[in-house]
Amino acid sequence: MKQHKMKRQTVHLQVEQTQDGYVDKRKIINITRNNIEVKPLAPGQTYLINLRKNTVYGESSVVSSVRVTIDNTIDDQMDVAGVIITNNGSDVHLKWFRNPLCEIYYIKYKLIRHMSCREDQLQSPWQVVATSYTNYTLDLEANSQYELFVAADKTQEVSESMQTLVTVGTLPNTSPLILQQRFRATNESAQLCWHDSPLSCMHMNGFFKNYLVEVIDSQNTTINTYRTEEKKIEITGLLPRTKYKVRVRYVNHLGSNPLIYAEHYFTTKATSFLTAQDLVAYKTSANTVGIRWKILDTNSTITGINIKVQNHVENKSVNITDLTTVQCKAWPSYNKESIYRALLLENQQGYLVQ
């Protein structure tokens, strides 16, 4: 009778952890000895460890089970001592004593809050950095509160040497957002509005003081600066039909960042109405009066002139419109228009020219 060769049986471990109603399973295979060390396991957690046997056909059954709870205390021999923290701006330098039992050290830190934000404590997860050295520099967010410690066990979540620190502030690395649709410009002024993004306080890097508004002309020369705590400003004293740009920056308790700003380009409107300056009317003939005046605004786009001649005695007036100006030869700085109206000198009565 032919004998069948028995298939060799192998074993594996199945590690189960139940947390918040969910089961997390790990399988450890290729076990060739009758003992094994299972790590890493979290302190205070309960695990179900099953030893299962299986064949090459994929069959599996539990041989033995054990439920174990990991001690929540910290092994003093694995603790990292002598941790010294030096705060240099947003960079935090740590150094500690070497532990002869440790090959790898774990720096664990988490963000608690941004000091410039009006928010409760954040539920931030622990961040972990592994190093074989006894010193390390963390690049953290400026003006923010952190908790941190150095451990020899990656799963360690508490430590007697845990420290809380607030990083030093720096200049802002964010800018306001200009509301383009609310911008208004006239021939001599501009109205600008802006708002803060929801995340702006996280990048304020300090405590907000005010906004810095800078007005720059086409020659890239700053002609005026304003500081305001409001989210709008009216800029006055501008020239008609002139190109400008305006920049808005945050200012915190350390100052403003010259490299970070919101920018808007605009051109003022041309002057649409002018009142004549130094208006003079004079007789040139029996039925003709000359009028001269100064035009001070050379950027005006006015194409027509309205002149009103009024007789106060007879309460009569004449409007003369759609006239053009010519330069007065006798007075180069003046403009001149000759008006033919017999009405002006009738009965040698007085008239007012406007």
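Residues numbered from 1 in each chain as written. Predicted model: local features only at pLDDT ≥ 70, side-chain atom pairs only at ≥ 80, totals over all residues. Heavy atoms only, no water.

**Digging into the overall build of the protein**
Next, step 1: The secondary structure content of the protein amounts to 0 helices and 27 strands.
Next, step 2: Buried positions account for 35% of the 354 residues belonging to the protein.
Next, step 3: Contacts in the protein between residues far apart in sequence, at least 24 positions, make up 59% of those at least 6 positions apart.
Next, step 4: Per element, the accessible surface of the protein, about 23,000 Å² overall, is 48% carbon and sulfur. (Helix = DSSP H or I, 4+ residues; strand = E, 2+ residues; numbered from the N terminus. Buried < 20%, exposed > 50% of the residue type's maximum accessible area, 1.4 Å probe, protein only. Contact = heavy atoms within 4.5 Å. Areas by Shrake-Rupley, 256 points an atom, 1.4 Å probe, with all protein chains shown as cover.)

**Considerations on the environment of I233**
Next, step 1: Turning to its location among the elements, I233 is positioned in strand β17 (residues 232–235).
Next, step 2: Take I233: its relative accessible area is 11%, and that puts it in the buried class.
Next, step 3: With 39 residues separating them along the chain, I233 and W194 place their C-alpha atoms 9.2 Å apart.
Next, step 4: Apart from the residues lying within four places of it in its own chain, the contact partners of I233 are A190, Q191, L192, W194, V213 and Y226.

**Thoughts on the side chain of T228**
Next, step 1: Along the chain, T228 turns up in strand β16 (residues 222–228).
Next, step 2: The class for T228 is buried, based on a relative accessible area of 15%.
Next, step 3: A polar atom in the side chain of T228 sits 3.0 Å from the backbone nitrogen of E230.
Next, step 4: Excluding residues that lie within four positions of it along the chain, T228 makes contacts with W194, N210 and Y211. (Polar contact = N/O pair within 3.5 Å; in protein donor to acceptor, adjacent residues only side chain to side chain.)

**Some words on the sheet that holds strand β10 (residues 144–151)**
Next, step 1: Here 4 strands make up an open sheet; going across it, the order is β8-β7-β10-β11 and the pairing antiparallel. Looking at which strands have only one partner, the edges of the open sheet turn out to be β8 (127–131) and β11 (163–166). On average, each strand axis in the sheet is inclined to that of its neighbour by 25°, with strand direction left out of account.
Next, step 2: Pairing analysis gives 5 bridges linking strand β7 (residues 105–114) to β8, with the strands arranged antiparallel. When the bridges of β8 are listed, Y106 appears paired with A130. (Pairing = 2+ DSSP bridges. Axes fitted to C-alpha atoms, helices over the stretch in contact; angles between N-to-C directions.)

**Here we look at a positive patch on the surface**
Next, step 1: Residues R182, R184, K232 and K269 make up a contiguous surface patch of positive charge.
Next, step 2: Here K232 is to be found in strand β17.
Next, step 3: The class for K232 is partly exposed, based on a relative accessible area of 48%. (Patch = residues over 30% accessible without salt bridge, like charges linked within 9 Å, V, L, I, M, F, W, Y side chains within 5 Å. Salt bridge = Lys/Arg side-chain N within 4 Å of Asp/Glu carboxyl O. Lys, Arg positive; Asp, Glu negative; His and termini not counted. Charge placed at Lys NZ, Arg CZ, Asp CG, Glu CD.)

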